Amino acid sequence: MSRWACGLEGCDAAFDAVEDAVVHQTTAHDRHECQVCGAVVPDGYFAIRHAFDEHTRAEFVRAYDADSDDVRERERIKADIEEIADLDRIVERVDGAV
């Protein structure tokens, strides 16, 4: 079984379950301010989800000085997590941690 890395800069935490990695990102790291709209969201998966569900790819590219490789990488991460993770369970765990 592959391990899920936190993936946030400076953090080398890894987890057996994707849900554990997303809960860690949400509870152990500072929030992220969206450079498109100013919303403050959990960093990691939830920041990626916000960017791609709420904004166009072009807005993301402009706001983050990103390129098509950056977009594809984040879309892949989002799709991988959403294919495997129990997102309702993640939200329950995060709500219980605050």
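To be clear, the structure that these remarks concern was listed above.
Source: prediction; values computed, not measured. Throughout this description, residue numbers start from 1 for each chain and increase along the sequence as written. Selection of residues for local features in this predicted model requires a pLDDT of at least 70, selection of side-chain atom pairs for listing and counting requires 80 or more, and totals for whole chains, interfaces and linings are taken over all residues. Based on all heavy atoms of the structure, the side-chain values leave hydrogens and waters out of the count.

Draft legend 1. Broad picture of the overall build of the protein chain. Secondary structure elements follow DSSP: runs of H or I of four or more residues count as helices, runs of E of two or more count as strands, with numbering from the N terminus. When helices and strands are tallied, the protein chain shows five helices and four strands. Put simply, the protein chain runs from its N terminus to its C terminus through helices and strands in the order β-β-α-β-β-α-α-α-α. A compact globule built from 98 residues would reach a C-alpha radius of gyration of about 13 Å, and the protein chain, at 13 Å, matches this within 12%. With the C-alpha coordinates of the protein chain rotated into their principal frame, the extents come out at 35 × 30 × 25 Å. Contacts are residue-level and defined by heavy atoms, with any inter-residue pair within 4.5 Å sufficient. The long-range share in the protein chain, meaning contacts at least 24 apart out of those at least 6 apart in sequence, stands at 39%. Total accessible area on the protein chain is roughly 6,100 Å²; 44% of this is exposed by carbon and sulfur atoms. Charge assignment: positive for Lys and Arg, negative for Asp and Glu; neither His nor the chain ends contribute. Note on charges: their place is set at NZ of Lys, CZ of Arg, CG of Asp or CD of Glu. In the protein chain, the 11 positive side-chain charges and the 24 negative ones have mean positions that sit 2 Å from each other. Two things to know: the radius of gyration comes from C-alpha atoms, and the globule rule equals 2.2 Å times the number of residues to the power 0.38. Methods summary: accessible areas were calculated by the Shrake-Rupley approach with a probe of 1.4 Å, and residue burial reflects only the protein chains presented.

Draft legend 2. Spotlight on helix H4 (residues 68-84). How far a helix is expected to stretch is found by multiplying one less than its residue total by 1.5 Å. Across its 17 residues, H4 extends 24 Å between first and last C-alpha, which sits within 8% of the 24 Å expected from 1.5 Å per residue. Relative accessibility under 20% of the residue-type maximum defines a buried residue, over 50% an exposed one, and the middle range a partly exposed one, all with a 1.4 Å probe and only protein chains included. Along H4, the positions that sit buried rather than exposed are Val71, Lys78 and Ile81. Looking straight down H4, one finds that the buried residues subtend no more than 105° of arc, so they occupy a single side. Away from the buried face of H4 by more than 90 degrees, exposed residues Glu83 and Ile84 are located. Those residues of H4 that are buried lie in contact with strand E1 (4-5), helix H1 (18-28), helix H2 (45-54) and helix H3 (57-64). At the N-terminal boundary of H4, the capping side chain belongs to aspartate 67, with an oxygen 3.0 Å from the backbone nitrogen of aspartate 69. The arc in question is the one spanned by the directions pointing from the helix axis to the C-beta atoms. Polar contact is the term for a pair of N or O atoms within 3.5 Å; when the atoms are in protein, one must be able to donate a hydrogen and the other to accept it, and sequence-neighboring residues count only if both atoms are side-chain atoms.

Draft legend 3. Here's a closer look at the environment of glutamine 35. By the secondary structure assignment, glutamine 35 is in the loop between strand E3 (31-33) and strand E4 (40-42). Using a relative accessible area of 48% as the deciding quantity, one classes glutamine 35 as partly exposed. As for glutamine 35 and arginine 57, which are separated by 22 residues in sequence, their C-alpha atoms are 13 Å apart. Setting aside its immediate chain neighbours within four residues, glutamine 35 contacts Ala63 and Tyr64. Polar contacts involving the side chain of glutamine 35 include one to the main-chain carbonyl oxygen of glutamate 33, which spans 3.0 Å.

Draft legend 4. Geometry of the state of the cysteines. Whenever a pair of cysteine sulfur atoms sits within 2.5 Å, that pair is classed as a disulfide. Under the criterion given, the structure shown has zero disulfides. Residue cysteine 34 stays outside any disulfide, its sulfur separated by 3.8 Å from that of cysteine 37, the closest cysteine. Looking at cysteine 34, the relative accessible area reads 3%, which means it is buried.

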